[in-house]
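# Chains, contacts and geometry: an overview
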Number of protein chains: 2
Amino acid sequence: MTTRHPTSDPGAAPAPGGLTDTEVAALDAHWRAANYLAVGQIYLMSNPLLAVPLEPEHVKPRLLGHWGTSPGLNLVHTHLNRVVKSRDLDAICVWGPGHGGPAVLANSWLEGSYSEVYPDVSRDADGMERLFRQFSFPGGVPSHVAPETPGSLHEGGELGYSLAHAYGAAFDNPGLLVACVIGDGEAETGPLAGSWHANKFLDPVHDGAVLPILHLNGYKIANPTVLARLPEEELDRLLRGYGHEPLYVTGDDPAKVHRAMAAAMDRALDHIATAQRVAREGGVGDRPHWPVIVLRTPKGWTGPAEVDGLPVEDTWRAHQVPLPGVRDNPDHLRQLEHWLRSYRPEELFDEDGRPRPEVLAHVPEGDRRLGANPHANGGLLTRSLPMPPLEHYAVPVDKPGAGRHEPTRVLGNFLAQIMAGTTASRNFRVVGPDETDSNRLDALYAATGKAWQAATLPTDEHLAHDGRVMEVLSEHLCQGWLEGYTLTGRHGLFSCYEAFVHIVDSMVNQHIKWLRTSRALPWRRPVPSLNYLLTSHVWRQDHNGFSHQDPGFVDHVLNKSPEVVRVYLPPDANTLLSVADHALRSRDYVNVIVAGKQPCFDWLSLEEARAHCARGAGVWTWAGSEGTAREPDAVLACAGDVPTQEVLAAAGLLRRHLPELALRVVNVVDMTRLMAHGEHPHGMTDAEYDALFTRDKPVVFAYHGYPWLIHRLTYRRTGHGDLHVRGYKEVGTTTTPFDMVVRNDLDRYRLVMDVIDRVPGLGARAVAVRQAMADARTRHHAWIREHGVDMPEVAEWSWPG
Amino acid sequence: MTTRHPTSDPGAAPAPGGLTDTEVAALDAHWRAANYLAVGQIYLMSNPLLAVPLEPEHVKPRLLGHWGTSPGLNLVHTHLNRVVKSRDLDAICVWGPGHGGPAVLANSWLEGSYSEVYPDVSRDADGMERLFRQFSFPGGVPSHVAPETPGSLHEGGELGYSLAHAYGAAFDNPGLLVACVIGDGEAETGPLAGSWHANKFLDPVHDGAVLPILHLNGYKIANPTVLARLPEEELDRLLRGYGHEPLYVTGDDPAKVHRAMAAAMDRALDHIATAQRVAREGGVGDRPHWPVIVLRTPKGWTGPAEVDGLPVEDTWRAHQVPLPGVRDNPDHLRQLEHWLRSYRPEELFDEDGRPRPEVLAHVPEGDRRLGANPHANGGLLTRSLPMPPLEHYAVPVDKPGAGRHEPTRVLGNFLAQIMAGTTASRNFRVVGPDETDSNRLDALYAATGKAWQAATLPTDEHLAHDGRVMEVLSEHLCQGWLEGYTLTGRHGLFSCYEAFVHIVDSMVNQHIKWLRTSRALPWRRPVPSLNYLLTSHVWRQDHNGFSHQDPGFVDHVLNKSPEVVRVYLPPDANTLLSVADHALRSRDYVNVIVAGKQPCFDWLSLEEARAHCARGAGVWTWAGSEGTAREPDAVLACAGDVPTQEVLAAAGLLRRHLPELALRVVNVVDMTRLMAHGEHPHGMTDAEYDALFTRDKPVVFAYHGYPWLIHRLTYRRTGHGDLHVRGYKEVGTTTTPFDMVVRNDLDRYRLVMDVIDRVPGLGARAVAVRQAMADARTRHHAWIREHGVDMPEVAEWSWPG
């Protein structure tokens, strides 16, 4: 054991009446038991209680897992147990270093929550053997804290999001304590570094508490960590600069660390309780400086000090499997046995492998156990939103294209009513990177404010301690908050610039993986879906141009588990309402809705919109000219608001100039309808697809995003050879709305030309029409260079009805 | 004008011999000129010098752009000019709030660098009118600082990366000062918050200096910012906790702010000069606490105080266009004219529109101008790497599959030689999130250390102040550093877990956009490519499982500009060498290389590897059984190391059990070869494609990633209907290598079955072979559940030769 870390607790004066020796012994027994079980999971196939001397065949053939962080996680869990029990706390913990799966699994097994969910892994010797064997074993359990782990709502593999998840869980849960272990590796990531400021958004009255525990074990995979190597004064300034009051627990002498940790926990919880009481009884005053515990203990603490002559404990070498050669190297095998026996398992487990009473002395009971708290299985607590009737918010549509509305503004009124309806239940939030207003959702402010705990000025508008609109210029925080919020059973919407939602590509990957795995676990109850409203989209970046143009998030999520992913492109206000209504009622999905905020023609009445959205894709007979023909000559298809407008303009031109052409217009709202039946639950059968798109007629498809996505979704369809897709071709700049579609060949004139080029035998009249379209494009180019605005025939176009 | 910000400079004592009144007047004249030009760009089409009273027709029909940040950027530029000139500094500036494009364009025009690059925008009245008109105008220039902007290497649209870019530019540029303006909006993002700690990686001897200028103008789009509303003491602690020495400049009285800003700049630069001198002359001691300037001035400073009765200056309402109704609202028009005339343009420009001498008194000359410094046009400074002969590093291959190597380890030796060869030139770095060692690139440490300026312990290995391997647990920092490094003309490689490179999806979007735009600008010289080595890939996540499994980055980048993007999947060590050699010699690309770190069969000799990589895709005749048949019965194609192994194993099985089958094996290294000719510069013609894959024979394609990507790339090819793709289907977990391929139907047995199912008329023998394959899969399932390792027939398989 190293002695680099003299035990100290500079932040906390000795607690009067600290732990008794009996309490220290019991906590230490629990910690040793958890450490023993963690090592056992990494190494053992059998002989779990070391009833006989350890032999190579007791050891797994493949040694996998992460030991380094496990003893620290076990220490935190042991001490959280104590305070949860002694204070009867409603608490969960987010395990940032969740790759230390063995630790959290060990604790769940010790407290009994594991065996309740997985009865075959019983709390006895047989169950212990199963616990060990299944870990990182084919067909067993993953090596990280994962959906399979009771009490978890956070996968600790992709580091960076623990603290954001913790805040998300704490919002609108005033009785909840969310502890959050942050590894010093994770602390180097940008998203985590940005998450510290989430305390400026936590309302001491209506929200619960977050207790960050920064675990400085000194090393990441192969390097020291930045925060562990800061001078203490610099670290202290940093944490105070983040708005926290640090409490330090440092050491490697277990008994002393137990006392220091218990004292720090008590101080932190007293501090939290006082801050909440003051705000709740006396009104919100200055923003509280919430406590943070800094726990500095050796990486791989209590593991082998040296292996093959190299230091391991308290170095990066303790990260994964400290003794790699146990099956073949008798020396390693001996070291492993010595290590395991150092925890004195015979004191911890009875002869049947059950934890002895002393080990469990400070373990809470029932739902108070960290592995059983329902907040970490949020579906248990989910209440449906009070959904108002869409009729109150729908725009009147007597005939298609007669009126125009900003779809997101219409949606905003609907969301405002949901916000108002949840004033008491407080189970709905809207998050976004400072774009709620710009995205025309400002009606929300009639129902709630923007969450803000920092200083205010007289000119400020809509800031409120208890606001449930969350605005921070960090897509990572928005996403992390909403993940934590929905995983604990509440509802929300993330309104985001379409291009910049890629900032959270990797986070949504992890969330989809989480939901996919959760859905297969019967004990996990469905949670509210995570809903995106992507607006300020690729076609309207007048102020910002190329850097703000990327419609690829749809492509990204469609690579993911189809049982989780839904993608909607409503073409007008009423379809947006219908889609949003569906998304906010749904569970266990990631719903991506792409919709514009600019004035847009109203195509469908609410009733039509509902029917159209229920089908997901359909013929707009009023827009085409196929009449009673069994099959049209050509299909103009569209998905997205701007492509729909261009397709309808093209259809209007074709109807006027080539009335003999039997033209069908198809609109797709639900992108997954295009996928093959069997590849996605929404996928059309081939018969359905053919009925819409025909088997052999040319289809010109105007799509909101990258055109090849449509090919990827439809390559198995019969008529695929006759499918021609227009979309965004990465030609972006600061220009007019119509110039954007011209530059990407998605404009009405080009679409008319595309149809003419693909329908045989149209004759001389069609040649002339085609030339007129080409001329219109030329006219456009000259006009905008001269005037900087779109031609009147485009700017003032409306559907001829 | 508001008076919320009393001018103060708590960090800096009054400079002895501060600015003279003449100097203040000149700096103020320059600042006013820049402000005038910024407003002009947002509003004016003509009448640039206000020679006649302002009329509606002088005003643009669409008013676009961001005023709010512009006066602050103009102030910083004005004062950087002064110190660059007075100290003869080699300096560039990264403009974090680069959406304030009008400011940087104004400054470039004032100093003359703009007209040198764009002679039609001359430094006179005509040029001023062009400068105004072209801004955010169709066919003109984008609204942000962009590649088109002289002196820029950073687009300020997607916020978060300015400081990382600044550090990347400063590394290995010991004579360079990189100023970096950070908006308080951007400061809320995770990547920016994490970037502050980059100062722990900056060597005062071999690197240049970074001077962050935190601009607190108080508001983002529609909200106050977190940092602007911190109590001053808390902000001070935060910045000191980040390791900086803050200098404050606060105010709204221009004359006072000029004096305070000049004093702060002088103090900061003195501080930097001293720290560098001490380290360079006396050796590196304690990590310097570099200065940071905190500039607190009103948003939209000097703009309209109120519009339509609402406060605008010093509120979020100043963010974009403060007077929106100028063409129609005479009151707004009058306000605009008043605003423009408040800068007293007649004092700033002569009657021909040229800046008067006083305006330019502190503007540097030649390459010292911020718009002309060659570091911001890094191709001017790029020197090729000393590429060692691949022969020295290639593995010997007498026949395919006889030996095995870890490809990335072989690559590591090659990279180490490049690292050694650049000891003096210091123009090569390898960055990664703490995975260099785990990715088997540790040979690098023989040539250089890991950059580290924080404290060290005796057990540390390879840490060095001057190390050129950069390890930090932040993909954002790795990416940002390498972007800054390559854009200033140096070379590098980002080695990353395949799944977690999605963390920087949005950053690579922006970088590809930057390169695409740069390539079209003749005055921008080509810069070294940005190279990814994606290893620890989807098929080998033994320690980590599902959360670490995602091969979708290839899909992501293939949505982007084809002239910039290259994707390589080398199947063995020598092909990896060849591909890496090519990538490191290339310019203006984003090269994505996916390669494993686990032992892998050596298939090709160096000579064969070079030829194969040059073709990008080819028949491996030795692996198939087509003999002299004109066309094979079936094609087994593969891309990626694991799929290649499974395809060769399948080919071996087919050769043994169905020798009558004429089988062709095709390997694809360069994924863009599959794309249509004309859609990508590397795309095969249809004739080339048909010659490889046939026109009508079944193709079973085993691909490393999501299978539908292959369909997306090939949907136009003749034989597409007979293409059957296997790949990763998002079925991931912690399991054995072979179990991973079985779970995703990519295993050898499944591939044999796929071929048999698709070749008609193979007869009874084939039925038996197919059953044997199905039995082998069943055997596998039973075996791994029992043993936890792969069956010997798989684990010990080798190519029969």
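Not measured: the values here are computed from a predicted model. (Residues numbered from 1 in each chain as written. Chains lettered and ligands numbered in written order. Predicted model: local features only at pLDDT ≥ 70, side-chain atom pairs only at ≥ 80, totals over all residues.)

## Observations regarding the sheet that holds strand β18 (residues 617–619) of chain A
All names here are of chain A. Pairing is mixed across the open sheet formed by five strands, whose spatial order is β18-β20-β19-β21-β22. Every other strand in the sheet has two partners, leaving β18 and β22 (723–726) as the edge strands with one partner each. Sheet twist, expressed as the mean angle between neighbouring strand axes with direction ignored, is 20 degrees. Note: β18 against strand β20 (residues 663–668), three bridges, orientation antiparallel. (Pairing = 2+ DSSP bridges. Helix = DSSP H or I, 4+ residues; strand = E, 2+ residues; numbered from the N terminus. Axes fitted to C-alpha atoms, helices over the stretch in contact; angles between N-to-C directions.)

## A look at helix α12 (residues 407–421) of chain B
Residue and element names in this part refer to chain B. In a regular helix each residue adds 1.5 Å, so 15 residues correspond to 21 Å; α12 covers 22 Å between its end C-alpha atoms and thus fits that length. Among the 15 residues in α12, eleven count as buried, and that is most of the element. Against the buried residues of α12 lie β8 (404–405), β9 (428–432), β13 (491–497), β14 (530–535), α16 (573–585) and β17 (600–601). (Expected span 1.5 Å × (residues − 1). Buried ≥ 20, exposed ≤ 12 C-beta atoms within 10 Å, placed from the backbone. Contact = placed C-beta atoms within 7 Å.)

## Structural notes on the interface of chain A and chain B
Taken together, the 96 residues of chain A in the interface contact 96 residues of chain B. Secondary-structure elements contributing two or more residues to the side of chain A that touches chain B are α7 (190–195), α8 (232–241), α14 (505–519), α15 (553–558), α20 (708–714) and α23 (764–787) of chain A. Tallied by class, residues from the side of chain A that touches chain B come to 28 nonpolar, 41 polar and 27 charged. (Nonpolar A, V, L, I, M, F, W, Y, C, P; charged D, E, K, R; others polar.)

## Digging into the packing of helix α18 (residues 641–657) of chain A against helix α22 (residues 748–758) of chain A
All names here are of chain A. Here α18 crosses α22 at 55 degrees, and the two axes come no closer than 8 Å. Considering their axes alone, α18 and α22 lie oblique with respect to each other. Our pair here, α18 against α22, has a crossing hand that is right-handed. Every residue of α22 that contacts α18 at Glu 646, Val 647, Ala 649, Ala 650, Leu 653 and Leu 654 is listed here: Arg 748, Leu 751, Val 752 and Val 755. For the contact of α18 with α22, the class distribution of residues is eight nonpolar, no polar and two charged. (Parallel < 35°, antiparallel > 145°, perpendicular 65-115°, else oblique. Left-handed = near helix turned anticlockwise from the far one by under 90°.)

## A word on the sheet that holds strand β5 (residues 291–296) of chain B
For sheets, the rule is that strands pair by backbone hydrogen bonds, running either parallel or antiparallel. Residues and elements named next belong to chain B. Read across the sheet, five strands follow the order β1-β2-β3-β5-β4 without closing on themselves; strand pairing throughout is parallel. Each edge of the sheet is formed by a strand with only one pairing partner; in this case those strands are β1 (90–95) and β4 (245–250). The sheet shows a mean angle of 20 degrees between the axes of neighbouring strands, taken without regard to direction.

## Examining unusual backbone geometry
Peptide bonds are mostly trans, and most non-glycine residues show a negative phi. Positioned with a positive phi, Thr 694 of chain A is a non-glycine residue whose angle comes to about 70 degrees. Of note, Thr 694 of chain A is situated in the loop between α19 (686–693) and β21 (699–703). Although it is not a glycine, Asp 88 of chain B sits at a positive phi angle of roughly 50 degrees. Note on placement: Asp 88 of chain B falls in the loop between α2 (70–87) and β1. On the neighbour-count criterion, Asp 88 of chain B (10 C-beta atoms within 10 Å) is exposed.

## Side note on the environment of His 491 of chain B
Residue and element names in this part refer to chain B. Within the secondary structure, His 491 sits in strand β13. Distance in space between the C-alpha atoms of His 491 and His 99 is 28 Å, their sequence separation being 392 residues. For His 491, the residues in contact, after removing those within four places along its chain, are Leu 385, Asn 427, Phe 428, Thr 486, Pro 528 and Leu 584.

## Side note on the relation of the copies chain A and chain B
Take chain A, turn it by 180 degrees, move it 0.0 Å along the axis, and it overlays chain B with an RMSD of 0.0 Å. Viewed as a symmetry operation, the transformation between the two copies matches a two-fold axis. Residues of chain A ranked by C-alpha distance from the rotation axis are headed by Gly 190 of chain A, positioned 2.1 Å from it. Most of the interface of chain A is mirrored in chain B, where 100% of its interface residues are also at the interface. (Least-squares fit on C-alpha atoms with pLDDT ≥ 70 in both.)

## Brief notes about the packing of helix α2 (residues 70–87) of chain A against helix α9 (residues 254–282) of chain A
Residue and element names in this part refer to chain A. Their axes nearest at 10 Å, the elements α2 and α9 cross at an angle of 50 degrees. For the element pair α2 / α9, the angle class is oblique. Between α2 and α9 the crossing geometry is right-handed. Counting all contacts with α2, which are made through Leu 75, His 79, Arg 82, Val 83 and Arg 87, the residues of α9 involved are Met 261, Ala 262, Met 265 and Leu 269. Residue classes in the contact of α2 with α9 are distributed as six nonpolar, one polar and two charged.

## Let's talk about the pairing of β5 of chain B
Residue and element names in this part refer to chain B. Summarising burial for β5: six of the six residues are buried, a large majority. Here β5 shows a buried face lined by Pro 291, Ile 293 and Leu 295 and a second buried face lined by Val 292, Val 294 and Arg 296. Bridging between strand β3 (residues 209–215) and β5 involves three bridges; their strand directions are parallel. Bridging from a neighbouring strand, Leu 214 pairs with Val 294 of β5. In terms of strand pairing, β4 meets β5 through six bridges, oriented parallel. Bridge assignment links Glu 245 to a residue of β5, and that residue is Pro 291. In this fold, the crossover linking β4 to β5 by way of helix α9 (residues 254–282) has right-handed handedness. (Right-handed = clockwise from strand over helix to strand, strands pointing away.)

## Here we look at the confidence of the model for chain A
Residue and element names in this part refer to chain A. Residues at a pLDDT of 70 or more form 98% of chain A, whose mean pLDDT is 95. Taken together, the stretch residues 8–15 has pLDDT below 50 and engages in 20 contacts with residues farther than four places along the chain or on a different chain. Our summary of model confidence lists the complex with pTM equal to 0.97 and ipTM equal to 0.96. (pLDDT = per-residue confidence, 0-100.)

## Comments concerning the domain arrangement of chain A
Residue and element names in this part refer to chain A. The assigned domain composition of chain A is domain 1 (21–373), domain 2 (385–395 + 404–600) and domain 3 (611–795). Centre-to-centre, using C-alpha coordinates, domain 1 lies 33 Å away from domain 2. Contacts between domain 1 and domain 2 engage 29 residues on the former and 31 residues on the latter. The biggest single contributor to the side of domain 1 that touches domain 2 is helix α6 (residues 162–170), with six residues. Of the residues contributing to the side of domain 1 that touches domain 2, the split by class is 16 nonpolar, six polar and seven charged. (Domains from an automatic or database assignment.)

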